[in-house]
Amino acid sequence: MTLLDAVLSLSEAPARDEALQRILRALAQATAADALSVLTAAEDGSVGVAAQIGLSPAALGLSFNPAEHPRLRRATLAAGPIRFLDPSEPDPYSGWLLGSAGEIHPIHACMAVPLRVQGRLAGLLTLDACDPHGLRGVRDEDARVFAGLCAGALRLDGGPGPALAAEARREAGPAPGGGALPGRSAAMRRIEREIAVLAPLSVPVLVTGETGVGKELVARALHERSPRASRALVIVNCAAIPAQLVESELFGHRKGAFTGATAARAGRFEAAHGGTIFLDEIGELPLAAQAQLLRALQEGEIQPVGEDRARRVEARVVAATNRDLRREVAEGRFRADLFHRLWVYPICVPPLRERREDIPALCARFAAEIAAELGAARVDFAEPALRALTQAGWPGNVRELKNAVERAALRRMMAEGTGAAGRTLVLRREDVDDAGDADEHGALALSGAPRAPCAPRIELPGERPWPAGVPPGVPVEPLVEALARARREAFARAFRAAGGNAAMAGRLLGVSRSFAYKEAVRLGLIPAPEPRRR
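Residues numbered from 1 in each chain as written. Predicted model: local features only at pLDDT ≥ 70, side-chain atom pairs only at ≥ 80, totals over all residues. Heavy atoms only, no water.

## Thoughts on the overall build of the chain
Reasoning step 1: On a plain count of helices and strands, the chain comes out with 18 helices and 15 strands.
Reasoning step 2: When the 534 residues of the chain are sorted by exposure, 45% land in the buried category.
Reasoning step 3: In the chain, the share of contacts with a sequence separation of at least 24, taken over all contacts with a separation of at least 6, comes to 65%. (Helix = DSSP H or I, 4+ residues; strand = E, 2+ residues; numbered from the N terminus. Buried < 20%, exposed > 50% of the residue type's maximum accessible area, 1.4 Å probe, protein only. Contact = heavy atoms within 4.5 Å.)

Spelled out as structure tokens, the structure:
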């Protein structure tokens with residue numbers, strides 16, 4: 001993809017988001033950046049990720065307050081491209097870079113360019129490279145050109161600016177196939193109607209459904225379509241908080257309230273003041289924390305651990321669970337009064353197997369996302385592959401389907417042995433053979449598809465000691481050697497598919513760029529760096 005392709009995106013792309021993705025793909029081809037993004041400015045001064053390459057898919061829609069991020073604040077005030085050289089400044093994308101769940105190393109290359117439409121700040125174009133010299137070849141003039149294209153793409157929605165365009169989109173409602181959960185099944189249309197009615201209100205909402213159906217997406221839609229959309233959406237995974245820290249995490253604590261409380265700390269409810277707090281897996285909350293939560297719902301008050309006085313807090317509560325809370329109440333694990341306080345209006349998200357007509361739209365959405373991450377022109381499905389995906393059982397629901405599409409795209413790249421940049425990947429039936437259904441042993445396989453064994457079966461006395469057709473005496477490779485060989489083959493395939501690019505190979509393998517590079521050097525797949533001369 002060339003600069004000409006990026007320019008043509010403005011006239012050929014059907015919508016703003018597609019144009020932005022095409023421009024970023026062209027920029028990715030022209031630079032050594034590991035991550036690229038376009039952030040759009042909102043009326044409240046925040047900036048949100050509208051398009052990205054190289055970040056986790058979950059980063060799309062992230063919102064930042066520039067006042068809390070020194071680099072973003074400086075970028076919004078800059079007159080042109082700005083490079084960040086102070087390693088003490090935190091990077092807002094720490095933890096969001098593909099292949100790395102930790103912080104980005106302070107010594108790395110980072111730059112940003114403000115996007116302006118009719119003299120107003122419309123957003124930012126950002127470039128990050130893990131290599132401290134990775135952006136040395138990017139001239140300010142080139143960055144301005146791509147920023148100008150991105151600013152032009154932001155006007156594709158029409159209107160004088162991004163804020164008004166966003167408002168117009170909110171009034172128009174969700175696009176066909178969009179909404180909280182993409183798909184136009186009867187169940188999804190029902191959920192869209194429920195969200196439209198409940199979003200403007202402040203009543204608690206309980207979202208129920210199996211693991212992976214998209215309960216968090218429903219919560220996000222309730223927040224984003226509410227009058228609270230400009231304030232914080234605080235997400236809490238109740239199952240991930242140690243029982244002894246639940247009350248402190250939710251309601252805060254004062255200094256010295258318990259061992260280790262070296263400073264006072266505000267809880268998640270205070271962070272959500274004026275906005276929405278989403279309590280995922282609420283069925284995991286211990287009874288003591290349930291009593292405090294009930295008080296917050298009924299009285300609008302919380303009491304930090306160690307404090308004598310209650311504090312007023314105003315936050316809309318959206319909760320989610322995959323448990324049967326009625327049974328939890330009957331068995332004494334969940335408070336009946338809290339259950340009835342939350343059960344004002346439940347939204348039940350059905351499992352994917354009950355709305356198979358949504359699967360093609362979901363597959364198309366996930367394919368577009370993985371294409372953007374890989375820099376591919378397009379990721380498409382052969383008809384047998386899409387039919388198999390549509391017929392599968394999906395015990396892990398939407399989350400499992402997304403993982404299956406991403407895994408199939410990576411398999412296709414490795415099978416073809418070439419990079420995906422600028423190409424169209426067509427996923428075949430064999431690329432999705434292990435996804436979608438659970439048999440009685442818990443092994444995942446497609447309905448009706450041959451099941452590949454996940455592990456050797458242990459033979460019992462009296463059973464045939466060897467599989468049919470395999471004669472006794474066949475040598476068995478030691479496990480250590482088998483694992484080492486598989487590891488080397490996986491790294492070799494990834495580096496071939498990535499054309500030797502360590503960052504892309506790391507994304508394919510699901511590891512960080514630096515780890516992929518070091519391991520490839522250790523395995524002898526790429527030459528070791530020459531020692532520096534003093």
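## Some remarks on the pairing of strand E14 (residues 378-381)
Reasoning step 1: Burial along E14 is one-sided: Val-379 and Phe-381 are buried, while Arg-378 and Asp-380, pointing the other way, are not.
Reasoning step 2: In the sheet, E14 pairs with strand E15 (residues 424-427) via four bridges, with the strands oriented parallel. The partner of Phe-381 across the bridge, within E15, is Leu-427. (Pairing = 2+ DSSP bridges.)

## Let's talk about the sheet that holds strand E13 (residues 346-348)
Think of a sheet as strands paired side by side through backbone hydrogen bonds, with each pair either parallel or antiparallel.
Reasoning step 1: Spatial strand order, E8-E9-E12-E7-E13: five strands in an open sheet with parallel pairing. Whereas interior strands pair on both sides, the edge strands pair on one side only; in this sheet they are strand E8 (233-237) and E13. In this sheet, neighbouring strand axes are inclined to one another by 20 degrees on average, regardless of whether the strands run parallel or antiparallel.
Reasoning step 2: Sheet contacts for helix H6 (residues 186-198): strand E7 (205-208), strand E12 (316-321) and E13; angle to E13, the most-contacted strand, approximately 160 degrees. (Axes fitted to C-alpha atoms, helices over the stretch in contact; angles between N-to-C directions.)

## Some words on the environment of Phe-334
Reasoning step 1: As for its placement among the helices and strands, Phe-334 is situated in the loop between helix H11 (325-330) and helix H12 (336-342).
Reasoning step 2: In this structure, the C-alpha to C-alpha distance between Phe-334 and Leu-287, residues 47 residues apart in sequence, is 6.7 Å.
Reasoning step 3: Setting aside its immediate chain neighbours within four residues, Phe-334 contacts Ile-282, Gly-283, Leu-287, Gln-290, Leu-325, Glu-328, Val-329, Phe-339 and Leu-342.

## Focus on unusual backbone geometry
Reasoning step 1: Phi is positive for Glu-281, close to 55 degrees, though the residue is something other than glycine.
Reasoning step 2: Residues other than glycine seldom take positive phi values, yet Trp-394 does so here, at roughly 50 degrees.
Reasoning step 3: Judged by relative accessible area, Trp-394 falls into the buried class, the value being 0%.

## With respect to the pattern of salt bridges
Reasoning step 1: Tallying each qualifying case throughout the model produces 35 salt bridges.
Reasoning step 2: Here Glu-416 makes a salt bridge to Arg-412, at a shortest N to O gap of 3.7 Å. Note that Glu-416 and Arg-412 are positioned in helix H15 (residues 397-416) at a spacing of four residues, about one turn of the helix.
Reasoning step 3: A relative accessible area of 28% places Glu-416 in the partly exposed class.
Reasoning step 4: A single salt-bridge network, built from bridges that share partners, covers Arg-412, Glu-416, Arg-423, Arg-428, Glu-430 and Asp-431. (Salt bridge = Lys/Arg side-chain N within 4 Å of Asp/Glu carboxyl O.)

## Description of the packing of aromatic side chains
Each aromatic ring pair is specified by the distance between its two centres and by the angle formed by the two planes.
Reasoning step 1: Within the structure shown, the criterion is met by four aromatic pairs.
Reasoning step 2: A centroid spacing of 5.9 Å and a plane angle of 70 degrees characterise the contact between Phe-64 and Tyr-93, whose relative ring orientation is edge-to-face. Of this pair, Phe-64 sits in strand E3 (residues 63-64) while Tyr-93 sits in the loop between strand E4 (82-83) and strand E5 (109-117), and the two are 29 residues apart along the sequence.
Reasoning step 3: You can call Phe-64 buried: its relative accessible area is 7%.
Reasoning step 4: Residue Tyr-93 is classed as buried on the basis of its relative accessible area, which comes to 4%. (Phe/Tyr/Trp six-rings, centres within 6.5 Å; stacked < 30°, edge-to-face > 60°.)

## Things to note about the pairing of strand E9 (residues 276-280)
Reasoning step 1: Judged by how many residues are buried, E9 sits mostly within the fold: five of five residues are covered.
Reasoning step 2: Residues of E9 alternate between two faces, with Thr-276, Phe-278 and Asp-280 on one and Ile-277 and Leu-279 on the opposite face, all of them buried.

## Concerning the sheet that holds strand E1 (residues 35-41)
Reasoning step 1: In spatial order, the strands read E3-E2-E1-E6-E5-E4; together these six strands make up an open sheet with antiparallel pairing. Each of the sheet's edge strands pairs with one partner strand only, and the pair in question is E3 and E4.
Reasoning step 2: Here two bridges tie strand E2 (residues 47-53) to E3, and the two strands are oriented antiparallel to one another. Bridge pairing in E3 places Val-47 opposite Phe-64.
Reasoning step 3: Where helix H4 (residues 140-154) meets the sheet, its contacts fall on E1, E4, E5 and strand E6 (120-129), and the angle it forms with E5 comes to roughly 45 degrees.

## Remarks on helix H2 (residues 16-30)
Reasoning step 1: Over its 15 residues, H2 runs 21 Å from end to end, which matches the ideal 21 Å to within 8%, given 1.5 Å per residue.
Reasoning step 2: Within the span of H2, buried status applies to Arg-16, Ala-19, Leu-20, Gln-21, Ile-23, Leu-24, Arg-25, Ala-26 and Leu-27. (Expected span 1.5 Å × (residues − 1).)

## Focus: the packing of H6 against helix H7 (residues 215-224)
Reasoning step 1: Axis separation between H6 and H7 bottoms out at 9 Å; the angle between their running directions is 40 degrees. When the axis of H6 is compared with that of H7, the two are oblique. Note on packing geometry: the crossing formed by H6 with H7 is right-handed. Residues Ile-191, Ile-195 and Leu-198 of H6 form the contact with H7, whose own contacting residues are Val-218, Ala-221 and Leu-222.
Reasoning step 2: Within the contact of H6 with H7, the residues separate by chemical class into six nonpolar, no polar and no charged. (Parallel < 35°, antiparallel > 145°, perpendicular 65-115°, else oblique. Left-handed = near helix turned anticlockwise from the far one by under 90°. Nonpolar A, V, L, I, M, F, W, Y, C, P; charged D, E, K, R; others polar.)

## Some points on the environment of Ala-490
Reasoning step 1: Summarising the element assignment, Ala-490 is placed in helix H16 (residues 479-497).
Reasoning step 2: Residue Ala-490 is classed as partly exposed on the basis of its relative accessible area, which comes to 31%.

## Overview of the packing of H2 against H4
Reasoning step 1: Relative orientation of the contacting elements H2 and H4 amounts to 170 degrees, with a least axis distance of 9 Å. The pairing of H2 with H4 is recorded here as roughly antiparallel in orientation. Of H4, the residues touching H2 (which contributes Arg-16, Ala-19, Leu-20, Ile-23, Ala-26 and Leu-27) are Phe-146, Leu-149, Cys-150, Ala-153 and Leu-154.
Reasoning step 2: Across the contact of H2 with H4, the residue classes break down as ten nonpolar, no polar and one charged.

## Here's the deal with the nonpolar core
Reasoning step 1: If you look at the biggest cluster of nonpolar residues, it comprises 42 residues, and the most contacted ones within it are Leu-374, Val-379, Trp-394, Leu-401 and Phe-495.
Reasoning step 2: Looking at this core, the elements that each hand over two or more residues are helix H13 (359-374), E14, helix H14 (383-391), H15, E15, H16, helix H17 (502-509) and helix H18 (513-522).
Reasoning step 3: Sequence-distant contacts of Val-379, that is, excluding residues within four places in its chain, are made with Ala-367, Ile-370, Ala-371, Leu-425 and Leu-427.
Reasoning step 4: The next biggest cluster of nonpolar side chains, apart from the first, holds 31 residues, and it includes Met-111, Leu-125, Phe-146 and Leu-149. (Core = buried A, V, L, I, M, F, W, Y, C linked by side-chain atoms within 4.5 Å.)

## A closer look at the environment of Pro-384
Reasoning step 1: With respect to the helices and strands, the residue Pro-384 is situated in helix H14.
Reasoning step 2: Considering only alpha carbons, one finds Pro-384 and Glu-430, 46 residues apart in sequence, at a separation of 9.3 Å.

## As for the confidence of the model for the chain
Reasoning step 1: Here the chain shows a mean pLDDT of 79. Residues at 70 or above account for 81%.
Reasoning step 2: Across the chain, the secondary-structure element scoring lowest on mean pLDDT is helix H5 (residues 162-172), at 36, and the one scoring highest is E7, at 96.
Reasoning step 3: Note on residues 158-180: pLDDT under 50 across the span, and 27 contacts to partners over four residues away in sequence or across chains.
Reasoning step 4: Here residues 438-474 is modelled with pLDDT under 50, and outside its nearest four sequence neighbours on either side it reaches 36 contacts, counting other chains as well. (pLDDT = per-residue confidence, 0-100.)

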